[in-house]
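# Observations on the model geometry
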Amino acid sequence: APPLRNAYVALRHGWSRANEAGIIVSRVDDGAKPEYGLHERGREQAAAAVAPLRTFAAGRDVSFLASDFSRTLSTAAIVAA
């Protein structure tokens, strides 16, 4: 059998404004709102993931999937840039 060539990485969103406020936002209609997006700490966390992920992904085709929550879309945008 040929060797497996696909690799997958799961990355959780960075620290969000909801995390900072101590509230749980689990519905998309709320989670998509910008006020529940990434906190500055979460942007820093996402940025810190860029170099290791680029090293891992070197020479590979890469796809990003994210939910409609603003915190996940922002995290994906930072990592994909």
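Before going into details, it helps to say that this report is about the structure given with it. Quick caveat, the model's predicted, so the values are computed rather than measured. Once a new chain begins, its residue numbering starts again from 1 and follows that chain's sequence as written. Side-chain atom pairs in this predicted model are given and counted only at pLDDT of 80 or more, local residue features only at pLDDT of at least 70, and totals for whole chains, interfaces and linings cover all residues. Side-chain calculation: all heavy atoms of the structure are included, whereas hydrogens and water are not.

### Focus on the overall build of the protein
The way it works is that DSSP assigns letters per residue, a run of H or I at least four long becomes a helix, a run of E at least two long becomes a strand, and they are numbered from the N terminus. For the protein, the count of helices and strands is 4 helices and 0 strands. For the protein, the spread of C-alpha atoms along the three principal axes comes to 50 × 25 × 20 Å. Classification of residues uses two cut-offs on accessible area relative to the type maximum, computed with a 1.4 Å probe and protein chains only: under 20% is buried, over 50% is exposed, and between them is partly exposed. Per-residue burial over the protein gives 25% buried out of 81 residues. Note on contacts: a residue pair is in contact if any heavy atoms of the two residues lie within 4.5 Å. Here the contacts in the protein between residues at least 6 apart in sequence split such that 68% fall between residues at least 24 apart.

### Section: the side chain of His 13
By the secondary structure assignment, His 13 is in the segment before helix 1 (17-21). N or O atoms closer than or at 3.5 Å make up a polar contact, with two conditions inside protein: a donor-capable atom paired with an acceptor-capable one, and, for residues adjacent in sequence, both atoms drawn from side chains. Engagement of the side chain of His 13 in a polar contact is seen with the side chain of Arg 71, the distance being 3.3 Å. Setting aside residues no more than four positions away along its own chain, His 13 makes contact with Asn 19, Arg 71, Thr 72 and Thr 75.

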